[in-house]
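Structural characterization, general
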Amino acid sequence: YKKIDFEIEKLSKIIENDKRVLIEIAQKLQSIRFESKDVFLSMIKEGLLSLNMQDVDFDLKFNANKDLAISGLETCEFFISFNKGVSKLPLKDVASGGELSRIVLIIKNISSNLNTPIVFDEIDTGVSGAIADNLGSLLMKISRKSQVICVTHLPQVAAKGVSHFYVTKKTGLDKTILDVKELDSQSRINEIAKMISGDIIHKSSMEHAKNILKN
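Quick look at the structure, then. Just so it is clear, the structure is predicted and the values come from calculations on it, not from any experiment.

Things to note about the overall build of the chain
Regarding its fold elements, the chain presents seven helices and seven strands. Each helix and strand of the chain, ordered N terminal to C terminal, gives the series α-β-β-β-α-α-β-α-β-α-β-β-α-α. Taken over the C-alpha trace, the chain has a radius of gyration of 24 Å; the compact-globule value for 215 residues is 17 Å, which it surpasses by more than 25%. With the principal axes as the frame, the chain shows a C-alpha extent of 85 × 45 × 35 Å. Here the chain holds 215 residues, and 28% of them are scored as buried. When contacts within the chain are restricted to residue pairs at least 6 apart in sequence, long-range pairs at least 24 apart make up 50% of them.

Here you go:
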């Protein structure tokens with residue numbers, strides 16, 4: 001029993017010491033979070049403006065944890081209002097799939113430490129023109145740090161990718177089959193031309209497709 005008591009005491013001291021170290025690290029993380037909040041929010045709002053989300057009011061709040069947790073001494077929660085005069089609510093409760101994807105895109109662009117693949121879907125909902133081009137440029141910028149997979153119907157976005165895959169869905173009697181085909185350079189021009197003008201490809205849309213691919 002003495003040996004067991006000794007081991008318990010020894011391990012308890014190790015645990016207490018490790019907890020002190022973790023608390024010190026969590027306190028440093030807390031300071032960095034508090035000091036960086038205003039700059040981070042400013043960068044978020046700048047990104048939202050570039051995607052034509054000018055009326056969005058974005059904020060983050062820190063909620064203290066009862067005890068030390070994987071997130072540290074507090075958790076961070078995003079709040080947002082998409083219209084002037086409307087109270088900010090938790091982002092997870094009010095954002096659509098497209099809106100959430102665009103905000104994630106901005107946050108990923110701000111982050112300097114990306115090492116996992118990122119998938120964006122519905123990110124181009126309600127976007128067109130110059131804003132679509134800005135969206136594509138942001139995706140391309142992130143792709144220099146991490147692999148990006150984006151499902152899109154916008155020619156401006158599709159043209160920014162390094163590789164272009166065409167996805168079709170076929171429904172049988174009892175199953176659904178997805179077919180994914182990588183496009184060669186000519187097929188890619190044709191597909192982007194279809195995005196521009198529809199199934200009937202015009203000479204002008206072919207030229208437009210070639211031009212946006214060059215850029």
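We are not done yet, so read on.
Description of the pairing of strand S6 (residues 165-171)
With zero of seven residues buried, S6 lies mostly on the surface of the structure. In the sheet, S6 pairs with strand S7 (residues 176-182) via seven bridges, with the strands oriented antiparallel. Within S7, the position partnered with Lys169 by the bridge is Leu178. Where S6 hands over to S7, the hairpin turn is made up of four residues, counted between the paired strands.

Section: the pattern of salt bridges
One pass over the full model with this rule turns up eight salt bridges. Of the charged contacts, one joins Glu9 and Lys13 as a salt bridge, the two residues approaching to 3.6 Å between their closest N and O atoms. Within this pair, Glu9 and its partner Lys13 are both found in helix H1 (residues 2-50), separated by four residues, close to a single helical turn. Among the salt bridges present, the one from Lys37 reaches Asp59, with a minimum N-O distance of 3.8 Å. Placement of the pair is Lys37 in helix H1 and Asp59 in strand S1 (residues 57-69), with a sequence separation of 22 residues.

Focus on a nonpolar patch on the surface
Residues Phe165, Val167, Leu178 and Val180 make up a contiguous nonpolar surface patch of about 400 Å² in total accessible area. Those elements giving two or more residues to the nonpolar patch turn out to be S6 and S7. Mapping Val167 onto the fold places it in strand S6.

So, the nonpolar core
Counting residues in each nonpolar core, the largest one holds 28 residues, and the members touching the most others are Leu48, Leu51, Phe58, Ile80, Leu105 and Leu135. Contacts of Leu48, omitting those with residues within four sequence positions, involve Met53, Val56, Phe58, Ile103 and Ile106. Grouped together as the second largest cluster of nonpolar side chains are eight residues, Ile189, Met206, Ala209 and Ile212 included.

Some thoughts on the packing of helix H6 (residues 185-197) against helix H7 (residues 203-214)
Viewed as axis vectors pointing N to C, H6 and H7 meet at an angle of 115°, and their least axial separation amounts to 8 Å. Considering their axes alone, H6 and H7 lie roughly perpendicular with respect to each other. Taken as a pair, H6 and H7 cross one another with a handedness that is right-handed. Contacts between H6 and H7 pair Gln186, Arg188, Ile189, Asn190, Ile192, Ala193, Ile196 and Ser197 from the former with Ser205, Met206, His208, Ala209, Lys210, Ile212 and Leu213 from the latter. Split into classes, the residues belonging to the contact of H6 with H7 amount to eight nonpolar, five polar and two charged.

Things to note about the sheet that holds strand S2 (residues 72-81)
Here three strands make up an open sheet; going across it, the order is S1-S2-S3 and the pairing antiparallel. Every interior strand has two partners, whereas the edge strands, S1 and strand S3 (89-90), have only one. Docked against the sheet, H1 engages S1 and S2, running at close to 170° with respect to S1.

Some thoughts on the environment of Leu183
With respect to the helices, strands and loops of the structure, Leu183 is situated in the loop between S7 and H6. Accessibility expressed as a relative area gives 13% for Leu183, which makes it buried. For the pair Leu183 and His164, spaced 19 residues apart in the sequence, the C-alpha separation amounts to 5.8 Å. When residues no more than four places from it in sequence are discounted, the contact partners of Leu183 are His164, Tyr166, Arg188 and Glu191.

Thresholds applied
- Residues numbered from 1 in each chain as written.
- Predicted model: local features only at pLDDT ≥ 70, side-chain atom pairs only at ≥ 80, totals over all residues.
- Heavy atoms only, no water.
- Helix = DSSP H or I, 4+ residues; strand = E, 2+ residues; numbered from the N terminus.
- Rg over C-alpha atoms; globule rule 2.2 N^0.38 Å.
- Buried < 20%, exposed > 50% of the residue type's maximum accessible area, 1.4 Å probe, protein only.
- Contact = heavy atoms within 4.5 Å.
- Pairing = 2+ DSSP bridges.
- Salt bridge = Lys/Arg side-chain N within 4 Å of Asp/Glu carboxyl O.
- Patch = residues over 30% accessible without salt bridge, like charges linked within 9 Å, V, L, I, M, F, W, Y side chains within 5 Å.
- Areas by Shrake-Rupley, 256 points an atom, 1.4 Å probe, with all protein chains shown as cover.
- Core = buried A, V, L, I, M, F, W, Y, C linked by side-chain atoms within 4.5 Å.
- Axes fitted to C-alpha atoms, helices over the stretch in contact; angles between N-to-C directions.
- Parallel < 35°, antiparallel > 145°, perpendicular 65-115°, else oblique.
- Left-handed = near helix turned anticlockwise from the far one by under 90°.
- Nonpolar A, V, L, I, M, F, W, Y, C, P; charged D, E, K, R; others polar.

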